[in-house]
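This is what each chain is made of:
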Amino acid sequence: MKKLYMTLFILLSTMVLLSACLQKEKLVDDAEDENNQEKNNAIALSDDLSEFENVVHDVTFDYGINRLVLSDLVANVELESIELNENSFVKNIMKWSQGYAVEVLLSDEPVQHKQTSELDVVMYPEKINGNRIQLYNENLKLQNEIDLTGVLPDEIIEGGAATAVSSDGSKLAWAYITDLYVYDINDGKLTTILNETTNQVNFEKIAFTQDDNKLVFFGSQIDHDEDEQSYGMIELDTKKISLHTENQFWGSDIQISPQYASITDVIDPVSNTSSGNVLIVDIQTGECFTMKVDGTESTMARITEDGKHLLVVKDSEKGNYRIRQYQLQTGEAVKETNLPPMEKESKVLAINATTDPSVYQIVVFTENKYYLFSFNSEES
């Protein structure tokens, strides 16, 4: 029996968006070390952020003031904000090629928000009676609003589903337990892709491929071990599902490139280790394979846009991050360098593509500051 109610209490980690410390000089890995490495100038602290709009500008929802906020993370300035009705709140914010898709839930009462010194406590209303999708451009100007209250099943209306938006902003997908729905904004049609009779996977996360015709997913199956991850790809036109499993793996995120999707995992809080594997899905065929990497490199990884390499980041020692580049076909490590040491507690948030297909951005957050490092993936 499917649960038709959503979790009432969610603890949200507080993140205050303050200015990033930008430096004018380039940081390089000088290297004449014990291994006689050559000088490595693959890493630089970015002083030209024009190609990094997708992370320099970010949209968040402030539950305390019930507003959508577009911020410049580096300059620590609020660029735009939109106040929502007091009986509505944002459940999901998704990035698409021209801006943001925002899932708004409607209720008869407002969200209850309490802030402590360490955490934000958000109590959602028990009764959700409406669901809207708002499409904004990159400047947080509303482009379209779709009321899905009478269209979506009740469990989706209540916000308890994994959600995704296509890169062109024309399709929305919801995955709830075994059910998968796709809504076409252009024709206003909701299609059931999979349900409990045609699918055995309980979905945890979904993502559109760049051609917007497929979905990559991971989740679990009732008759499998709890530490066995089910993952694969779904063709939306044919409803064909390519299903694979991986033992001792707990999925965290899905990164999409033109040819492949990569699935990363999490660090086990007890053992402080991860699987050391990155799951790779071939978007053309649906076939999958596993890339073996070094320990917790499996928690932060993405495939390059040309489909030739896997980039990973590992915290080799507290505050000391190593970037390594593997050839996808052979699994051989072909390039390695280190970020400048972080003196304060920090975390790598993302490896992002830029307008230059050979340059990638490493985003590090430390004590309310964002550091943006560029990494050149061209082999020496």
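For the structure, check the block above.
Scope of this entry: the structure provided in the associated data block. What you see is a predicted model; the values in this text were computed from it and never measured.

**Details of the sheet that holds strand β6 (residues 88-96)**
Here we have four strands laid out as an open sheet, ordered β6-β7-β10-β11, and antiparallel in their pairing. Edge positions in the sheet fall to β6 and β11 (142-147), since each has one partner strand and no second. Averaged over neighbouring strand pairs, the angle between their axes works out to 20° when direction is ignored. Pairing of β6 with strand β7 (residues 99-107), which is carried by eight bridges, proceeds in the antiparallel orientation. Of the residues in β7, the one forming a bridge with N92 is E103.

**A closer look at the pattern of salt bridges**
Using the criterion set out here, one finds 12 salt bridges in the structure. A salt bridge links D294 to K314; its shortest N-O distance comes to 3.2 Å. Placement of the pair is D294 in the loop between β23 (288-292) and β24 (301-303) and K314 in strand β25 (residues 309-317), with a sequence separation of 20 residues. Each of D294, E297, K314, R322, R324 and E336 takes part in salt bridges that share partners, so that together they form one network.

**A closer look at the packing of aromatic side chains**
Inspection of every chain in the model, using the stated rule, returns seven aromatic pairs. Arranged with centres 6.2 Å apart and planes meeting at 90°, the rings of Y260 and F289 form a pair that is edge-to-face. Pair noted here: Y260 is in strand β21 (residues 260-265) and F289 is in strand β23, with a separation of 29 residues, a long-range link. With a relative accessible area of 16%, Y260 lands in the buried category. A relative accessible area of 30% means that F289 is categorised as partly exposed. One aromatic cluster in this structure is built from F61, Y63, F89 and Y124. The ring centre of Y100 lies 5.1 Å from the NZ or CZ of K95, which sits over that ring. Residue placement shows K335 over the ring face of F375; its charged tip is 5.6 Å from the ring centre.

**So, the side chain of K335**
With respect to the secondary-structure elements, K335 resides in strand β27 (residues 333-338). Within the buried core, K335 has no salt-bridge partner, and the shortest N-O distance to an opposite charge, that of E378, equals 7.0 Å.

**Here we look at the nonpolar core**
Counting residues in each nonpolar core, the largest one holds 37 residues, and the members touching the most others are L68, F89 and W174. At the level of secondary structure, the elements contributing two or more residues to this core comprise β3 (57-62), β4 (67-72), β6, β7, β10 (128-137), α2 (154-157), β13 (171-176) and β14 (179-184). Among the elements that make up this core, the one with the highest residue count is β7 (six residues). Excluding anything up to four places from it in sequence, F89 contacts F61, Y63, N66, L84, E103, V104, L105, V111, Y124, P125 and I128. One finds L194, F203, L215 and F217 within the second-largest nonpolar core, a separate group that totals 16 residues.

**Focus on the sheet that holds strand β19 (residues 241-247)**
Taken in spatial order, the four strands make up an open sheet running β16-β17-β18-β19, and their pairing is antiparallel. The open sheet terminates on both sides in strands that have one partner only, identified here as β16 (202-208) and β19. Between one strand and the next, the sheet's axes are offset by a mean angle of 20°, whatever the strand orientation. The sheet contact formed by β16 and strand β17 (residues 214-220) spans six bridges and is antiparallel. By the bridge assignment, F203 is partnered in β17 with G219.

**Here we look at the pairing of strand β28 (residues 346-353)**
Bridge count for β28 against strand β29 (residues 359-366) is seven bridges, and the pairing is antiparallel. Pairing of A350 across the sheet is with V363, part of β29. The turn linking β28 back onto β29 is made up of five residues.

Criteria and cut-off values
- Residues numbered from 1 in each chain as written.
- Predicted model: local features only at pLDDT ≥ 70, side-chain atom pairs only at ≥ 80, totals over all residues.
- Heavy atoms only, no water.
- Pairing = 2+ DSSP bridges.
- Helix = DSSP H or I, 4+ residues; strand = E, 2+ residues; numbered from the N terminus.
- Axes fitted to C-alpha atoms, helices over the stretch in contact; angles between N-to-C directions.
- Salt bridge = Lys/Arg side-chain N within 4 Å of Asp/Glu carboxyl O.
- Phe/Tyr/Trp six-rings, centres within 6.5 Å; stacked < 30°, edge-to-face > 60°.
- Buried < 20%, exposed > 50% of the residue type's maximum accessible area, 1.4 Å probe, protein only.
- Lys NZ or Arg CZ within 6 Å of the ring centre and 35° of its normal.
- Lys, Arg positive; Asp, Glu negative; His and termini not counted.
- Core = buried A, V, L, I, M, F, W, Y, C linked by side-chain atoms within 4.5 Å.
- Contact = heavy atoms within 4.5 Å.

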